[in-house]
Amino acid sequence: MMMMMKMKRRLLLLCVFCSLCVSLCSGACAEVDSDTEAVAGQPFKLGCISCKMRGEVEASATVDWLFRARGEADFVHIYSYDGEASSIIDERFQDRMEWHGSKKTFDLQDASVDLLNVTFNDSGVYRCIFNRVLTYEHYEFSTTASKEVHLTVVAKATRGTASIVSEVMMYVSIIGLQLWLLVEMIYCYRKIAAAGEEALRASAAEYLAIASESKDNCAGVQVAE
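Residues numbered from 1 in each chain as written. Predicted model: local features only at pLDDT ≥ 70, side-chain atom pairs only at ≥ 80, totals over all residues. Heavy atoms only, no water.

> Whenever I open this one, the state of the cysteines confuses me. Can you help?
In protein structure, a disulfide is the covalent linkage between the sulfur atoms of two cysteines. Scanning all chains against the criterion turns up one disulfide. Between the sulfur atoms of Cys48 and its disulfide partner Cys128 the distance amounts to 1.6 Å. Of this pair, Cys48 sits in the loop between strand 2 (44-46) and strand 3 (58-69) while Cys128 is found in strand 8 (residues 124-135), placing the two residues 80 residues apart along the sequence. On the basis of relative accessibility, which here comes to 1%, the residue Cys128 falls in the buried class. (Disulfide = S-S within 2.5 Å. Helix = DSSP H or I, 4+ residues; strand = E, 2+ residues; numbered from the N terminus. Buried < 20%, exposed > 50% of the residue type's maximum accessible area, 1.4 Å probe, protein only.)

This is the structure:
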């Protein structure tokens, strides 16, 4: 009985481990560079991804987008998002920016935004800033990460090398994560099978030992008579 309980505990721990592996894979993050060429009059996604370095740590983040137009010297604050609500700060982008990043979470890792009805005046440098707080058991740790997108607005779309490379890297990352998940699932299956076989062998040995002891006791009683 004790061996069976131990086996169940081991199987439970292994199942929990597998579940964690699956959850980590499903929430895996891959940093992919944004496209840098937009077409006037069309929508465009400004991509910005900053992966949290430690997936098991709870975190929350806010995101700010800054913009420096071509020919200007300074960045200006144009957009912010806190996990619930967004705010368009610069009137040049009023009704033209929409959140396209992480949803239904405060642990923001994808801060992409859609820029609607692109104009030639939108050419310039866009900077997204993650203000992230990692929550540990006894303290909190604040980090800041930023990325820039150098956007060029053209009249007609062209297929840039950067766009092709980014797309290829994205697919490679997805395939790599799927292969890693498959390896982890096979490992968990083998561990569960090995634990089950070990528990069965132990149970059989315990049963034989009990049976042998009972037989010896019975023999002792007969001799005493």
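> What is the right way to read the pairing of strand 9 (residues 140-154) from this model?
Each regular strand shows side chains that alternate between the opposite faces of the sheet. In this structure, strand 1 (residues 37-39) lies alongside strand 9, joined through three bridges in parallel fashion. Considered in strand 9, the bridge of Ala38 is made with Val153. Looking at chain direction, strand 8 and strand 9 are connected through 12 bridges and run antiparallel. By the bridge assignment, Tyr126 is partnered in strand 9 with Val149. Hairpin connection between strand 8 and strand 9: a loop of four residues separates the two successive antiparallel strands. (Pairing = 2+ DSSP bridges.)

> It is not clear to me how the pairing of strand 8 should be interpreted in this structure. Could you clarify?
With 12 bridges connecting them, strand 3 and strand 8 associate as antiparallel partners. Bridging from a neighbouring strand, Trp65 pairs with Cys128 of strand 8.

> What's the story with the sheet that holds strand 1 in this structure? I'm lost.
Strand pairing in a sheet relies on backbone hydrogen bonds, with the paired strands running either antiparallel or parallel. With mixed pairing, the six strands of this open sheet are ordered in space as 1-9-8-3-4-5. A single partner strand is all that each edge strand has here, and the edge strands are strand 1 and strand 5 (86-88). Put simply, the sheet's adjacent strands are angled 30 degrees from each other on average, direction ignored. Bridging between strand 4 (residues 76-81) and strand 5 involves three bridges; their strand directions are antiparallel. (Axes fitted to C-alpha atoms, helices over the stretch in contact; angles between N-to-C directions.)

> Explain the sheet that holds strand 6 (residues 97-99) to me, please; I cannot follow it from the model alone.
As summarised here, the arrangement of the three strands in space is 2-7-6, forming an open sheet in which the pairing is antiparallel. Of all strands in the sheet, those bounded by a partner on one side alone are strand 2 and strand 6. On average, adjacent strands in this sheet sit at an angle of 30 degrees to one another, irrespective of strand direction. When strand 6 meets strand 7 (residues 113-115), the two strands line up antiparallel, connected through three bridges. Its bridge partner lying in strand 7, Trp99 is registered against Val113.

> Sorry if this is basic, but what is going on with a nonpolar patch on the surface here?
Taken together, the side chains of Ile175, Leu179, Leu182 and Ile186 make up a nonpolar region of the molecular surface, amounting to roughly 380 Å² of accessible area. By the element assignment, Leu179 lies in helix 2 (residues 161-224). (Patch = residues over 30% accessible without salt bridge, like charges linked within 9 Å, V, L, I, M, F, W, Y side chains within 5 Å. Areas by Shrake-Rupley, 256 points an atom, 1.4 Å probe, with all protein chains shown as cover. Salt bridge = Lys/Arg side-chain N within 4 Å of Asp/Glu carboxyl O.)

> Please explain the pattern of salt bridges as it appears in this structure.
Pairing is possible between side chains of opposite charge, provided their charged atoms come close. A complete count under the given rule lists five salt bridges for this structure. Note that Asp122 and Arg96 form a salt bridge whose closest N and O atoms lie 2.9 Å from each other. Of this pair, Asp122 sits in the loop between strand 7 and strand 8 while Arg96 sits in the loop between strand 5 and strand 6; the two residues are 26 residues apart in sequence, bridging distant segments of the chain. Each member of the pair, Asp122 as well as Arg96, carries the same accessibility label: buried.

> What is the right way to look at the confidence of the model for the protein chain in this model?
Predicted coordinates in areas of low pLDDT are best not read in detail. When pLDDT is averaged along the protein chain, the result is 80, and 75% of the positions lie at 70 or above. Taken element by element, the protein chain is modelled with least confidence in helix 1 (residues 2-26), mean pLDDT 46, and with most confidence in strand 4, mean pLDDT 97. Predicted confidence is poor over residues 1-5, with pLDDT under 50, and the contacts of this stretch with residues over four places away or in other chains come to five contacts. Predicted confidence is poor over residues 14-27, with pLDDT under 50, and the contacts of this stretch with residues over four places away or in other chains come to 16 contacts. (pLDDT = per-residue confidence, 0-100. Contact = heavy atoms within 4.5 Å.)

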